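Each chain, written out:
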Amino acid sequence: MELGLRGAAVLVTGASRGIGRAIAQVFAEEGANLAICARTRAPLEVAARQLRETGAIVMAREVDVADAPALRAFVDEAAAELGGLDVVVSNVSGGGAVGWEGALRTDILPFTVLTDQAQEHLASSQRGGAVILISSTSALHVTAPSGPKPYGAVKAALNHHATALARALAPRGVRVNIVSPGPIEFEGGSWARRRDTDPDYYASVRARIPFGRLGRPEEVARAVAFLASPAASFITGANLVVDGGFLDRL
C-alpha cells in the first residue's frame, strides 16, 4: 500500500534510539522529511546522519522535552525549516525511574506543550495534520510489568487527554491517535537489561506473549506510519495496541 507520506514534514521526539529511532527510519524510507530531537547529542547526530542516507531532509536538535520553552522553539523551528508540519510523534517518556513528579515533567507536560505548539502548523497542513502519541500497554492493565507505579498511570492519563484532543481537533482536520506498544526489546533498552539482569522475570513476561517473543521497534514504527498517513484518513481517537497478544482483554 502506498501510504502517501512522500514529502511529508514529520517531527519525532526522542528519535535517537529504540522506538523513536525506528519511527524516524520508517518515515524517512517512506519519503518523508524529518525534524528529530533527543537529549544527548552524540547518538542524535549518528541517527541524523544515517537518516540522511535515505535522501530525507533531516533537522536534528538537542532538546530536553521537559524544557517547555526549548520544546516550543523546536516545534516552530522545525515548521520553518521543513515548510510546515504534517505529522507530530510524541515518543519521549521518563520510564519507570523518574517518580511521580518526574513522570509529570517528562510525559504529561511535554505532550501538552508539543500538541499546543504544533496545533496551528498541523491545522494548516494540506495533507491533513496528524498527531501520534506513543503510549504503553502498561496504561491498559495493572499486572506486571505495570503495577502501582507512575509509568502506567501517566500513560493512562495521556490516553484520556489524547482521545479528548482527537474530538476537539477533528473539525480543524487534525487527527490524534495512540499507539500502545507492549514489551519491546532492543539493545540498550530496558527489556534487554532485564534479560541480562533478571532473566527469570524476563522469561515470565515473554511466556505471556502468544508469539513467544518480545516485539521489535520497527513493528511499532510501521503502525505509527500507517496511522499518521493519509491511508488512515478517517481514523482518529484510536488506540492501536502493538503487543503480540500480550494483553488479555477485549
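As shown above, the structure is provided for reference.
Residues numbered from 1 in each chain as written. Predicted model: local features only at pLDDT ≥ 70, side-chain atom pairs only at ≥ 80, totals over all residues. Heavy atoms only, no water.

A. Local environment of the pattern of salt bridges. Counted by the stated rule, this structure contains 13 salt bridges. For E81, the salt bridge is made with R61, and the minimal N-O distance between the two is 3.6 Å. Of this pair, E81 sits in helix α3 (residues 68-82) while R61 sits in strand β3 (residues 58-62), and the two are 20 residues apart along the sequence. Residue classification places E81 among the partly exposed positions, given a relative accessible area of 44%. The closest approach of N and O atoms between K155 and D107, which form a salt bridge, is 3.2 Å. Linking K155 in helix α5 (residues 150-169) with D107 in helix α4 (residues 99-123), this pair joins segments that are 48 residues apart in sequence. You can call K155 buried: its relative accessible area is 2%. Here the residues in one salt-bridge network are E185, E187, R195 and D196, joined through shared partners. (Salt bridge = Lys/Arg side-chain N within 4 Å of Asp/Glu carboxyl O. Helix = DSSP H or I, 4+ residues; strand = E, 2+ residues; numbered from the N terminus. Buried < 20%, exposed > 50% of the residue type's maximum accessible area, 1.4 Å probe, protein only.)

B. How the structure looks around helix α8 (residues 217-228). A rise of 1.5 Å per residue sets the reference length of α8, with its twelve residues, at 16 Å; its end C-alpha atoms lie 17 Å apart and thus fit the reference within 8%. All of the buried residues along α8 are P217, V220, A221, A223, V224, A225, L227 and A228. For α8, the secondary structure elements touched by its buried residues are α1 (18-29), β4 (87-90), β5 (130-134), β6 (175-181) and β7 (239-242). (Expected span 1.5 Å × (residues − 1). Contact = heavy atoms within 4.5 Å.)

C. Spotlight on the packing of helix α6 (residues 190-197) against helix α7 (residues 199-207). Contact geometry for α6 and α7: axes closest at 5 Å, N-to-C directions at 125°. Classified by the angle their axes make, α6 and α7 are oblique. Contacts from W191, R194, R195, D196 and T197 of α6 reach α7 at P199, Y201, Y202 and V205. Each residue belonging to the contact of α6 with α7 can be placed in one class, and the counts come to five nonpolar, one polar and three charged. (Axes fitted to C-alpha atoms, helices over the stretch in contact; angles between N-to-C directions. Parallel < 35°, antiparallel > 145°, perpendicular 65-115°, else oblique. Nonpolar A, V, L, I, M, F, W, Y, C, P; charged D, E, K, R; others polar.)

D. Representation of the nonpolar core in the model. Core analysis: the biggest nonpolar cluster contains 39 residues, and I23, F27, L34, I36, V89 and V224 have the highest contact counts within it. Going through the elements one at a time, β1 (9-13), α1, β2 (33-38), α2 (41-52), β4, β5 and α8 are the ones with two or more residues in this core. Not counting residues within four places of it along the chain, the set of residues in contact with L34 comprises V10, V12, A24, F27, A28, L51, I57, V58, M59 and L82. Ranked by size, the runner-up nonpolar core spans 33 residues in total, among them C37, A166, L169 and V174. (Core = buried A, V, L, I, M, F, W, Y, C linked by side-chain atoms within 4.5 Å.)

E. Structural context of the packing of aromatic side chains. For the structure shown, the criterion picks out one aromatic pair. Here W191 and Y201 contribute two aromatic rings whose centre-to-centre distance is 6.0 Å and whose plane-to-plane angle is 10°, an arrangement assigned as stacked. One end of the pair, W191, is in helix α6; the other, Y201, is in helix α7, and ten residues separate them in sequence. Taking the ring centre of W191 as reference, the NZ or CZ of R194 above it sits at 4.4 Å. (Phe/Tyr/Trp six-rings, centres within 6.5 Å; stacked < 30°, edge-to-face > 60°. Lys NZ or Arg CZ within 6 Å of the ring centre and 35° of its normal.)

F. The arrangement of the packing of α1 against α2 in detail. At a minimum axis separation of 10 Å, α1 and α2 run at an interaxial angle of 20°. Put simply, α1 runs roughly parallel to α2. Of the two elements, α1 crosses α2, and the hand of that crossing is right-handed. Mapping the contact onto sequence places R21, A24, Q25 and A28 in α1 and A47, Q50 and L51 in α2. Residues belonging to the contact of α1 with α2 are distributed by class as follows: four nonpolar, two polar and one charged. (Left-handed = near helix turned anticlockwise from the far one by under 90°.)

G. Geometry of the pairing of β6. Burial analysis of β6 places seven of its seven residues in the buried class, which makes it a mostly covered element. By the alternation rule, side chains of β6 split into R175, N177, V179 and P181 and V176, I178 and S180, which are all buried. In this sheet, β6 lies alongside β5 in parallel orientation, the contact comprising five bridges. The residue of β6 that forms the bridge with V131 is V176. Handedness of the β-α-β unit built from β5, α5 and β6 comes out right-handed. Relative to β7, β6 is paired through four bridges, and the arrangement is parallel. Across the sheet, the residue bridging to P181 is V242, located in β7. (Pairing = 2+ DSSP bridges. Right-handed = clockwise from strand over helix to strand, strands pointing away.)

Structural measurements only, silent on function.
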